[in-house]
Amino acid sequence: MSPLKLTGFTLTRRRSAEMAVILVLLALLLVAPTFFARISVLFFILNWIVLAESFNMFAGLTGYVNFGHVVFYGVGGYVSALLMVNAHASPYVAVIAGGLASSLLALGISLPTTRLRGAYFAIATLSINEAFFVTFDSWDAVGSAPGLSLPISYYQPVVEYYVMVVVAIACVLSMYAISKSKFGIALQAIRQQEVTANSIGINAAYYKSLALVFSGFFAGLAGALAIWQITFIDPPSAFNVTITVTSISMAMLGGLGTVIGPVIGGALLYELTDLLGLSYPFIHLIILGVIIVGVVLVIPDGILGASRRVLTKVRGRR
Amino acid sequence: MLLAELVVLGLAYGLLFGVLALGLTLIWGVMKVVNIAHGDFVIVGAYSSYWLFVLAGVHPILSILFTAPFGFGLGIIVYLGLVRRVVHAPELMSLFLTFGISTLISSLLLYIYSPNQRAISVTFPSINGLGVVLPGNVAIAAAYAVVVATLLRIFLTKTYWGKAIRAVTEDSSSALLMGINPEAVSMLAFGIGVAIASSVGSVVMLLQAVYPTGGSEFTLLAFVIVVLGGLGSPFGALLGGIVIGVVDNVASLYLPAAATPAIGFIILVIVLIVRPSGIMGAKGR
Amino acid sequence: MGDLLRLTQVAKRFSGLEVLKDISFEVAEGEVLGLIGPNGAGKTTLFNIISGILKPNSGRVVFASKDITGLPTHRVSRLGIARTFQIPQPFAEMTVLENVRATLLFSNPRPEGKLPRDAKEICEMVGLGGRLEQPAGSLSAPEKKRLEVARALASSPRLLLLDEFAAGLTLSESSWASEMIKSLSKDYGVTIVWTEHVMKILMRSVERVLVLQSGEVIASGTPAEVVKNELVLKAYFGGKPA
């Protein structure tokens, strides 16, 4: 998949088949509330897809790992919850504010850290999560340890679901648009050879910041939407490292750096994290650990990459 | 003399932290892999000592005789089974891999032993001198650190394999020309690194309570120290440990308790920004 | 002043070690300057300073009458300084054509520039016309060197820095290289600074040579003058004439 081959795009039979599948899925998502009672299941699948895709937006495109991804989710959730609890804001305003707050946070984090290379960046982000957890846990203005509960009047499952659908589509489309744009080419160049990227006139620090801002925006929206649905937030749920672990495993299982990979990974792993997570709290974490290790060792390019390789091999044989 | 006491305390803790960081820097130096699971191996050692104490009455210090070789073996298994396969892959993959191993270890411990904190109470008499009181357990931890650092120094300077580790750390391509087997050196370094982490875990059991997911704090601590001391430098790691130990303890005097976990992050960011030579100098990717 | 590049008393230390001491020289517009010196003389450090990868501890770098000392790499590149790396560093997963296209996309074309702005044409210019769709990572070592030049040309340079360009090339490859460099200067008006630790090819292709040793310029002049210089003989051949 190379964004530089923009010319020569033709609607082949395979492409139109793909388009048909996507349209059917979208139609199903739109009419789902009319026949599917457990709409919250779909809501959370989409929420995880947004989390995985927004992780992918930075890590998959730049090659840098942000181990503090959940911080965007938590801050987005907190900002929207505070607006709804204290200012009785419209939930739409609160959700967008949550996304914007997280993108602002992403900008702040990126300023000192985009100068750091590889492992240094990763370790710096590892430390962010703990700092946020402790701060929110002891900060009375944001509810400290007991957390915040939304007034019951905010609870509108079907509306929440449709907003979630819109955000998920926007997120996947953004990833698609970024990877096909000049911005995406800059990120590809940075991932493959950062020194060379700089030396051909690419401002690597700027593009990395921008990618993190996009990643933060969508993860913040996911956090805000989750809080709207759950109607409760506290530091252990908002800054839970498990959320980062899950986003990483979903994105990696599907295929890091691809547009559709995190969607596939998110859909596949949701049942696991949700059902198993509730009844056997730690087994799903063990499985996530196995998935991360296994993907790295067996299919580093994820399900999508691996199946593409298999397909080309099969075609080549014919 | 509260300040003097905190400085001495910081020194002692710093030595232990420094030895912990030694394990991380050894692995980095030889194979350029940042072992995010380093702290989780500390927890593995701590839990081993805890159960040896609770079930068999083995003193934590004595249990080092078990946790060190156990850690060494575990490290070699993890190296051969997993880490070996990403040494030449993009750095991203080794980060993900050790992160996955970290997740696996902590979640297995959670599943087996529950999230509860574990602590044992063994106290050594405290040491008095020059008007400064040092808790006995901390003094023992410092003594352990000095012994390990000395043994490691002898190993690295006097033995063939120790010299091989240093040669690979300094210049892997010319080490290869000298006939050093990089695979064996990597395996050894990983084994020693994990053995250090796991035996530090035994000592940690003397100082504080542990819980399954507490490993990331130790990883971060070790990393801050390693960055401060310069990646790949054993002496730098010890010095960095002492600096962090003292700063951390003295800062706790002036800062509210809630801010303590943030200190690590602040120090890390400052170190990363102030020491760009150590950061940019190392070939990151 | 016809100087395109002027270095004034540039010095660089790495943790106390002086890698460059007090380097001053200028490069005239359209010139091909050779920079020779043994390994470790500071040639690559000098290029890293000119191209903004490193900041000097002291001294100035002036390019086209603009002080570019310490300017970030991407800005230096957009002002018109391109470089090749001693060890080629292509975007390995992109094809040859994509490597060049990506560069064109981010470069800052100069209105008076004569270099082609078409990716295919640039690839053909450096003899990679038959490798357009091949991933850069799978090219042979000499082909990767050609790709380095292609990428550098795609960023429409006024000044081209070639780092150990002929090192590791076969005889026929390197004579191609020297023809190519001559043509870039003559036909396309590109100013060139070319470092090499093997002198032979370089000496045949450049008008002027600077000799760098242990971070200092120990001699300069035409190739013919420089090879007679005693200091150079001593540094390079241990005192014995070539």
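Residues numbered from 1 in each chain as written. Chains lettered and ligands numbered in written order. Predicted model: local features only at pLDDT ≥ 70, side-chain atom pairs only at ≥ 80, totals over all residues. Heavy atoms only, no water.

A.B. asks: What am I meant to see in unusual backbone geometry here?
C.D. replies: Generally, phi is negative for residues other than glycine and the peptide bonds are trans, each holding for most cases. Residues and elements named next belong to chain C. Its identity as a non-glycine residue notwithstanding, D22 has a phi of 55°, on the positive side. Turning to its location among the elements, D22 is positioned in strand 2 (residues 17-28). Even without being glycine, E164 reaches a positive phi, approximately 50°. (Helix = DSSP H or I, 4+ residues; strand = E, 2+ residues; numbered from the N terminus.)

A.B. asks: Explain helix 4 (residues 91-113) of chain B here, please?
C.D. replies: Given 3.6 residues per helical turn, the α-helix brings residues three or four places apart onto the same face. All names here are of chain B. Its 23 residues give helix 4 an end-to-end C-alpha distance of 33 Å, which sits within 8% of 33 Å, the value for a rise of 1.5 Å per residue. The buried fraction of helix 4 is high, at 19 of 23 residues. The first or second residue beyond helix 4 is S114, which carries a positive phi of 65°. (Expected span 1.5 Å × (residues − 1). Buried < 20%, exposed > 50% of the residue type's maximum accessible area, 1.4 Å probe, protein only.)

A.B. asks: In this structure, what is going on with the interface of chain A and chain C? I would like to understand it.
C.D. replies: In many analyses, interface size is given as the accessible surface area lost on bringing the parts together. Counting residues at the interface gives 21 residues for chain A and 21 residues for chain C. Counting the contacts that link chain A with chain C gives 1 salt bridge. The residue E93(C) makes a salt bridge to R191(A) at a minimum N-O spacing of 3.1 Å. Top contributing element to the side of chain A that touches chain C by residue count: helix 7 (residues 182-192) of chain A, with 7 residues. (Contact = heavy atoms within 4.5 Å. Salt bridge = Lys/Arg side-chain N within 4 Å of Asp/Glu carboxyl O.)

A.B. asks: Looking at this model, I keep getting lost on the arrangement of the chains. Mind explaining?
C.D. replies: Between chains A and B lies the most contact-rich interface of the 2 pairs of chains that touch. Spatially, chain B is disjoint from chain C: no contact exists, and the shortest C-alpha separation is 9 Å.

A.B. asks: Any chance you could explain the sheet that holds strand 10 (residues 216-221) of chain C here in plain terms?
C.D. replies: Strand pairing in a sheet relies on backbone hydrogen bonds. The paired strands run either parallel or antiparallel. All names here are of chain C. If you walk across this open sheet you meet the 6 strands as 6-7-8-3-9-10, and the pairing is mixed. At either margin of the open sheet sits one strand with a lone partner, and together these are strand 6 (81-83) and strand 10. Going across the sheet, the axis of each strand differs from the next one's by a mean of 20°, ignoring polarity. Bridge count for strand 7 (residues 159-163) against strand 8 (residues 191-196) is 5 bridges, and the pairing is parallel. (Pairing = 2+ DSSP bridges. Axes fitted to C-alpha atoms, helices over the stretch in contact; angles between N-to-C directions.)

A.B. asks: Looking at this structure, I do not really get the interface of chain A and chain B. What am I missing?
C.D. replies: The interface of chain A with chain B comprises 41 residues on the first partner and 40 residues on the second. Considering only the surface of chain A that becomes buried against chain B, Y120(A), I123(A) and L297(A) emerge as the three largest contributors, covering 19% of it. Applying the counting rule to chain A against chain B returns 0 salt bridges. In terms of residue count, helix 5 (residues 118-137) of chain A provides more of the side of chain A that touches chain B than any other element does, 12 residues in total. (Buried area = accessible area lost by both parts, 1.4 Å probe.)

A.B. asks: How should the nonpolar core be read in this particular structure?
C.D. replies: The nonpolar side chains of soluble globular proteins are, as a tendency, buried together. With 201 residues, the main nonpolar core has F67(A), I202(A), V19(B), F96(B), Y144(B), I165(B) and V200(B) as its most contacted residues. Excluding anything up to four places from it in sequence, F96(B) contacts F55(A), V65(A), I248(A), M252(A), L256(A), I292(A) and V296(A). With 45 residues, the next largest nonpolar core counts V32(C), I181(C), W194(C) and I201(C) among its residues. (Core = buried A, V, L, I, M, F, W, Y, C linked by side-chain atoms within 4.5 Å.)

A.B. asks: Help me understand empty space enclosed by the protein in this model?
C.D. replies: Take a probe with the size of a water molecule and roll it over the atoms, and the empty space left behind shows itself. Going through the model one piece at a time under the given rule, you end up with 2 cavities of 30 Å³ or more. As a volume, the largest cavity reaches approximately 40 Å³. Surrounding the largest cavity, S199(A), S51(C), T73(C), V76(C), S77(C), I81(C), A82(C) and R83(C) form its lining. Elements represented by at least two residues in the lining of the largest cavity include exactly helix 2 (73-79) and strand 6 of chain C. Taken together, the residues that form the lining of the largest cavity break down as 3 nonpolar, 4 polar and 1 charged. (1 Å grid on protein atoms, 1.4 Å probe; cavity = no way out; pocket = protein on both sides within 12 Å on 5 of 7 lines; lining within 4 Å. Points joined across faces, edges and corners; volume = space filled by probe spheres on them. Nonpolar A, V, L, I, M, F, W, Y, C, P; charged D, E, K, R; others polar.)

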